[in-house]
Amino acid sequence: MVSSPHEAMHRVFQQDPTLFARVFRTLGMPVDDPVAVTVLPTDLTETSPVERRVDTLLRVTGKEEESFLLAVEAQGRRDPAKPRAWAYYVTYLANKYALPTVLMVVCQDRRTATWAAEPRRMGIPQCPTVTVQPLVVGPHNMPLITDPEQAGTDIPLTVLSAVTHAADPDIGTILKALSTALRGVTEDEANAYVELTAQGLSKSRAAEQWRNLVAADLSFFTSPLSESIRDEGRNEGRAEGRDEGRAEGRAQDILRLLDGRGVPLLDADRDRITHCHDLDVLSRWFGRAITATTAEEVFADAPTGTPTGTTPGGQPQS
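Residues numbered from 1 in each chain as written. Predicted model: local features only at pLDDT ≥ 70, side-chain atom pairs only at ≥ 80, totals over all residues. Heavy atoms only, no water.

**With respect to the confidence of the model for the protein chain**
Then, in step 1: When pLDDT is averaged along the protein chain, the result is 82; 82% of the residues meet or exceed 70.
Then, in step 2: Contacts of residues 233-241 to residues separated by more than four positions or lying in other chains number ten contacts, the stretch itself having pLDDT below 50. (pLDDT = per-residue confidence, 0-100. Contact = heavy atoms within 4.5 Å.)

So, in structure tokens, the structure goes:
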């Protein structure tokens, strides 16, 4: 299952397709700002039944009208099979579009980044026919952007800095700079980057720091994350002794959050949430709903055969 950090590491290049040029320059590669960048379909499936899909694919056009393809892959861990897929992506794209292709791999930890950067030679030792060596982006070469003014000059790069440095001891300073910078952009822009950052941090301890900063610094925005935090605060402040009402309110909060984030729900999923009266369970679901991309991620540890909040016999839990 695709994780939220995986999505954020490559989707930020869809949110701002020109970001790659600043990343290249950050890595010491002189690249001019493009004249145009087109987000292309990511499906690389052929007529065979094997489906192959690159994470993000951009067609970049320069000032001299020369074009190249940029394939962005998010990699969360070492996977011995992945370099073969990367070789397929590059050769397939070169054949399909007849354009030079650059493969960029974005990682959140140094071990994975070091592994991803190794050249892979395919063929026999005497004749390596294809060599795959992606451009790797990660905590080893992305800047720590901790100054709000600097963050404000390039918010997409700051989001990428936060996502790739999710485990860094200074992540709180990066997030503070980002939340401060987001106060200077439109609400739509801020909402998009708030959610991307939340996705990118969802598997780290920094996720709670980001939620708190959004609540404090961006309370005037109405992104699903900021709305959910305010709703959570209102629910936790209700008087004791009204557990049933609190459970109903929390269930509605979860549904509003999932609907606002566009997570698909079946009628059975909605019933499962609205019929749950266990506040601890609802709180866990609510926390997951902030970054979940499917209903299965919300219900990860609940039995599938019995609606939560009832006994196996169908009676309400006492």
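**So, a negative patch on the surface**
Then, in step 1: Among the surface-exposed residues, D32, E64, E65 and E66 lie close enough to one another that they form a single negatively charged patch.
Then, in step 2: With respect to the helices, strands and loops of the structure, E66 is situated in the loop between β2 (56-61) and β3 (67-74).
Then, in step 3: E66 gets classed as exposed once you look at its relative accessible area, which sits at 60%. (Patch = residues over 30% accessible without salt bridge, like charges linked within 9 Å, V, L, I, M, F, W, Y side chains within 5 Å. Areas by Shrake-Rupley, 256 points an atom, 1.4 Å probe, with all protein chains shown as cover. Salt bridge = Lys/Arg side-chain N within 4 Å of Asp/Glu carboxyl O. Lys, Arg positive; Asp, Glu negative; His and termini not counted. Charge placed at Lys NZ, Arg CZ, Asp CG, Glu CD. Helix = DSSP H or I, 4+ residues; strand = E, 2+ residues; numbered from the N terminus. Buried < 20%, exposed > 50% of the residue type's maximum accessible area, 1.4 Å probe, protein only.)

**Points about the pattern of salt bridges**
Then, in step 1: By the definition in use, this model includes eleven salt bridges.
Then, in step 2: Of the charged contacts, one joins K82 and E73 as a salt bridge, the two residues approaching to 2.9 Å between their closest N and O atoms.
Then, in step 3: Across the pair R256 and D253 runs a salt bridge, and its minimum N-O distance is 2.5 Å. Note that R256 and D253 are positioned in helix α11 (residues 243-260) at a spacing of three residues, about one turn of the helix.
Then, in step 4: For R256, a relative accessible area of 46% corresponds to the partly exposed category.
Then, in step 5: Ionic contacts of the salt-bridge type, sharing partners, join the residues D16, R22 and D154 into one network.

**A look at the environment of K96**
Then, in step 1: When you line up the elements, K96 lands in helix α3 (residues 82-97).
Then, in step 2: Since its relative accessible area comes to 46%, K96 is described here as partly exposed.
Then, in step 3: Taking the C-alpha atoms as reference, K96 lies 9.5 Å from L44; in sequence the two are 52 residues apart.

**A short note on helix α2 (residues 19-26)**
Then, in step 1: Counting buried positions over the eight residues of α2 gives six, a clear majority of the element.
Then, in step 2: Residue G28 follows α2 closely and has a positive phi angle near 85 degrees.

**What to know about the sheet that holds strand β7 (residues 135-137)**
Then, in step 1: As summarised here, the arrangement of the five strands in space is β1-β2-β3-β4-β7, forming an open sheet in which the pairing is mixed. Since the sheet does not close on itself, it has two edges, and those belong to β1 (36-40) and β7, each with one partner. Ignoring which end each strand starts from, the neighbouring axes of this sheet average 25 degrees apart.
Then, in step 2: Pairing between β1 and β2: five bridges, direction antiparallel. Residue pairing across strands places V37 opposite V60, the latter belonging to β2. (Pairing = 2+ DSSP bridges. Axes fitted to C-alpha atoms, helices over the stretch in contact; angles between N-to-C directions.)

**Things to note about the packing of aromatic side chains**
Then, in step 1: A full pass over the atoms with the stated rule returns six aromatic pairs.
Then, in step 2: With 6.4 Å between their ring centres and 75 degrees between their planes, Y88 and Y89 make a pair best called edge-to-face.
Then, in step 3: Residue Y89 is classed as buried on the basis of its relative accessible area of 7%.
Then, in step 4: Here a set of aromatic residues connected by ring pairs shows up, and it is made of F20, F24 and F68.
Then, in step 5: Positioned above the aromatic ring of F286, the side-chain terminus of R250 is 5.0 Å from the ring centre. (Phe/Tyr/Trp six-rings, centres within 6.5 Å; stacked < 30°, edge-to-face > 60°. Lys NZ or Arg CZ within 6 Å of the ring centre and 35° of its normal.)

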